[in-house]
Each structure stands twice: as C-alpha cells, then as structure tokens.
Amino acid sequence: MTPTAFITGATSGIGKATAEIFAAHQIRLVLCGRRKERLLALQEKLRTQTEVCILNFDVRDKAAVFEAVASLAEPFQNIDILINNAGNAHGLDSIHKGDPQDWDAMIDINIKGLLYVTKAISPQMVAREKGHILNIGSISAKEVYAGGNVYCATKHAVDALNQGMRMDLSKYGIRVSAIHPGLVNTEFSEVRFKGDLDRADNVYKGFQPLRAEHIADLIHFVVSRPYPINIADVLVLPVAQASGTQIHRDL
Ligand code: NDP
Ligand code: 8X3
C-alpha cells in the first residue's frame with residue numbers, strides 16, 4: 001500500500017528536499033508551509049511522480065493546524081509518516097540583548113507548532129497502531145553555543161519531546177525518531193539574520209556544509225527501514241564540523 005507522508009516546512013530547504021526524494025519513491029505527500037505559491041509550484045513539479053496535496057497554514061496558529069489536518073480527504077487522511085521539520089532560528093544575540101519577539105517566534109514555531117501538528121495527527125496513528133513520527137532537531141539539541149540561547153533551548157525541547165513521544169507511542173507500534181543535523185546550507189541563516197545575505201553566507205564560508213538533499217536522503221533511509229527497526233536518534237555533521245562550536249574553515 002502506498003504510504004502517505006505529512007511534511008511541515010516543505011517550501012524550502014530540508015522539507016522541500018524530503019518531498020522530492022519521497023516523491024521519487026512514490027510516497028503520497030501532504031506538503032505544508034506558509035508560502036502558498038511555493039507549495040503550488042512543488043505540487044505541480046511532483047504530481048507526475050506521486051499524489052500531492054498542499055496545506056497552507058502557520059504552525060503557530062493552533063486552530064489553523066487542526067482545521068488543516070481535519071480538511072484532508074481520502075486518500076490523504078491516514079498519515080503514515082509525519083516529518084516535523086518546520087522551524088527556524090531568529091537572531092543570534094546574547095541573552096541580555098535578545099529580542100523577546102524572536103524568542104516568542106522560536107518557542108511558538110519550533111516547540112508549540114511541532115506539538116500542535118503532532119497532536120492533530122498522532123491520535124489516528126494510535127487508532128491504527130501504525131505510523132512513524134520523525135522530528136528534526138539539531139546539533140543545537142545536544143549542545144549550546146554563544147548567542148544560541150533560545151534556539152538551542154527550543155531544540156533541546158525537541159530532543160526531550162522526541163524521547164517522550166517514543167515512550168508514549170512505542171506501545172502502539174509507532175516509531176519515533178529524530179535527526180539532528182549540523183550546518184546545512186538552506187534559507188536557515190537568511191531567516192536567522194533577517195535577510196542579511198552577507199552574514200548568512202559567512203556561516204557557510206571556508207568549508208563544505210551539508211546540503212538539504214543529504215538530510216533528505218537520511219530521512220528517507222530512516223523511514224524506509226523494515227519493521228521492527230526504529231532509528232531513534234541520529235546526529236549528522238559535515239566533515240569539517242567537529243562540534244557545535246568547532247568548524248574547520250579554510251579561509
Ligand atoms: P529553511 O529556512 O530553508 O526552511 C524552514 C521551513 O520551515 C520552511 O519551509 C518554512 O516555510 C517553514 N516554517 C518556518 N516557520 C513556519 C511557520 N510559522 N509555519 C509553518 N511553516 C514554517 O530551513 P531548514 O530547511 O534548514 O530547516 C528545517 C529544519 O531543520 C528546522 O527545524 C531547523 O531548525 C532544522 N535544522 C536546520 C539546520 C541548518 O543548518 N539549516 C541544522 C539543524 C537543524 P514557510 O516560510 O513557507 O512557512
Ligand atoms: C541549525 C544548526 O548550528 O546553526 O540548527 O544551530 S546551528
């Protein structure tokens with residue numbers, strides 16, 4: 001039977017690359033994000049390979065999340081694979097200089113948004129005793145770096161939620177996994193530095209960062225293992241990155 005995957009943050013970076021590799025493996029897709037024109041373009045591109053439905057909502061909007069999931073019609077209703085990917089960093093300031101609006105955004109998107117989507121989808125997985133939830137954490141879920149304070153806290157929360165979800169859901173045959181990437185060259189830094197492209201480019205200078213396709217390939221590997229394998233937790237780094245703070249740059 002064709003599995004159905006629900007991917008949050010499918011309009012760019014890791015989520016978009018995951019949609020592309022899933023489509024190539026004929027996985028039916030529900031693609032989510034705020035930028036509707038991007039969702040439409042991706043749907044148009046992938047519909048020759050698989051069935052694609054788009055849902056245009058902000059994960060911060062609790063009512064919109066539940067409404068969007070409830071609006072799914074056959075054959076998209078039963079979600080087999082949930083990729084909790086939507087997320088971003090906002091700012092890189094010391095705690096005393098941080099902007100509370102940035103903190104709210106990160107907590108609301110990276111933690112509360114992930115929870116709303118999980119709450120909207122997991123009950124039907126429990127009812128069917130079937131499903132896989134894959135949470136995108138970060139090396140920042142395992143380590144903290146200067147200026148990363150709130151972003152790192154949100155990703156530590158994702159790590160905790162990943163473990164908690166697994167404890168709650170494994171008895172129903174549901175797999176729960178996390179992938180924690182190091183530096184991946186996506187729109188992530190552009191968002192973190194609020195459109196300052198020079199500052200964003202500097203993050204990836206002097207070494208080879210990971211690409212979104214590398215993480216997407218790993219996501220596909222994790223969700224395609226045969227039962228009873230559950231790859232619970234993966235830390236994946238570019239070779240030049242030894243830790244959250246140690247990156248070997250050839251500048
Ligand atoms: P991108 O900025 O390229 O993608 C972020 C995605 O999240 C976009 O599709 C965006 O869609 C979506 N998103 C952001 N805010 C919201 C929102 N409020 N509601 C709905 N969707 C939202 O970054 P990445 O692909 O790199 O990031 C994906 C995940 O990977 C994030 O959780 C990030 O923290 C994590 N990560 C990234 C790393 C990196 O170095 N790039 C490393 C480790 C982890 P739209 O704006 O259209 O809503
Ligand atoms: C994204 C990677 O190092 O910018 O989670 O936090 S990092």
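Everything numeric here is computed off the predicted structure, so don't read it as measured data. (Residues numbered from 1 in each chain as written. Chains lettered and ligands numbered in written order. Predicted model: local features only at pLDDT ≥ 70, side-chain atom pairs only at ≥ 80, totals over all residues. Heavy atoms only, no water.)

### Some thoughts on the layout of surface pockets
Of the pockets and cavities examined, the largest pocket occupies roughly 1000 Å³. For the largest pocket, the lining is made up of 48 residues, of which Gly 87, Asn 88, Tyr 151, Thr 186 and Phe 188 are closest to its centre. Among the elements of the structure, helix 1 (13-24), strand 2 (28-33), helix 5 (149-169), helix 6 (188-192) and helix 7 (197-203) are those that each provide at least two residues to the lining of the largest pocket. Here the lining of the largest pocket gets four residues from one element, more than from any other, and that element is helix 6. Its residues assigned to classes, the lining of the largest pocket shows 20 nonpolar, 19 polar and nine charged. In this model, the second largest pocket occupies a volume close to 300 Å³. In terms of lining, the second largest pocket is formed by 14 residues, of which the most central are Asp 80, Ile 81, Lys 130, Gly 131 and Arg 175. Of the residues contributing to the lining of the second largest pocket, the split by class is six nonpolar, four polar and four charged. (1 Å grid on protein atoms, 1.4 Å probe; cavity = no way out; pocket = protein on both sides within 12 Å on 5 of 7 lines; lining within 4 Å. Points joined across faces, edges and corners; volume = space filled by probe spheres on them. Helix = DSSP H or I, 4+ residues; strand = E, 2+ residues; numbered from the N terminus. Nonpolar A, V, L, I, M, F, W, Y, C, P; charged D, E, K, R; others polar.)

### A word on the site of ligand 2
Close contacts around ligand 2 come from Ser 138, Ser 140, Tyr 145, Tyr 151, Leu 183, Phe 188 and Arg 192, and that covers them all. Taking Ser 140, its side chain carries an N or O atom lying 2.5 Å from an oxygen atom of ligand 2. The side chain of Tyr 145 places a nitrogen or oxygen atom 2.6 Å from an oxygen atom of ligand 2. Among the detected pockets, ligand 2 sits in the largest pocket. By residue class, the composition of the shell around ligand 2 is four nonpolar, two polar and one charged. (Near = heavy atom within 4 Å. Polar contact = N/O pair within 3.5 Å; in protein donor to acceptor, adjacent residues only side chain to side chain. Sits in = over half its atoms within 2 Å of the grid points.)

### Describing the environment of Asp 61
Positionally, Asp 61 belongs in the loop between strand 3 (52-56) and helix 3 (62-70). Separated by 48 residues in sequence, Asp 61 and Ile 109 place their C-alpha atoms 9.3 Å apart.

### Remarks on the pairing of strand 2
Summarising burial for strand 2: six of the six residues are buried, a large majority. Burial along strand 2 is two-sided: Arg 28, Val 30 and Cys 32 and Leu 29, Leu 31 and Gly 33, pointing in opposite directions, are all buried. Judged from the four bridges that link them, strand 1 (residues 4-7) and strand 2 form a sheet pairing that is parallel. Its bridge partner lying in strand 2, Ile 7 is registered against Leu 31. Once you follow strand 1 into helix 1 and on to strand 2, the crossover reads as right-handed. As paired elements, strand 2 and strand 3 share five bridges and run parallel to each other. Looking across to strand 3, one finds that Gly 33 is bridged to Asn 56. For the segment spanning strand 2, helix 2 (residues 36-46) and strand 3, crossover handedness is right-handed. (Buried < 20%, exposed > 50% of the residue type's maximum accessible area, 1.4 Å probe, protein only. Pairing = 2+ DSSP bridges. Right-handed = clockwise from strand over helix to strand, strands pointing away.)

### Details of the packing of helix 4 (residues 100-128) against helix 5
Where helix 4 contacts helix 5, the axes come no closer than 9 Å and their chain directions differ by 15°. Regarding the angle of helix 4 to helix 5, the classification is roughly parallel. Our pair here, helix 4 against helix 5, has a crossing hand that is right-handed. Here helix 4 contributes Trp 103, Met 106, Ile 107, Asn 110, Ile 111, Leu 114, Leu 115, Thr 118 and Val 126 to the contact with helix 5, which in turn contributes Val 150, Tyr 151, Thr 154, Lys 155, Ala 157, Val 158, Leu 161, Met 165 and Leu 169. For the contact of helix 4 with helix 5, a count of residues per class yields 14 nonpolar, three polar and one charged. (Axes fitted to C-alpha atoms, helices over the stretch in contact; angles between N-to-C directions. Parallel < 35°, antiparallel > 145°, perpendicular 65-115°, else oblique. Left-handed = near helix turned anticlockwise from the far one by under 90°. Contact = heavy atoms within 4.5 Å.)

Without other data, these values stay purely geometric and don't point to any function.
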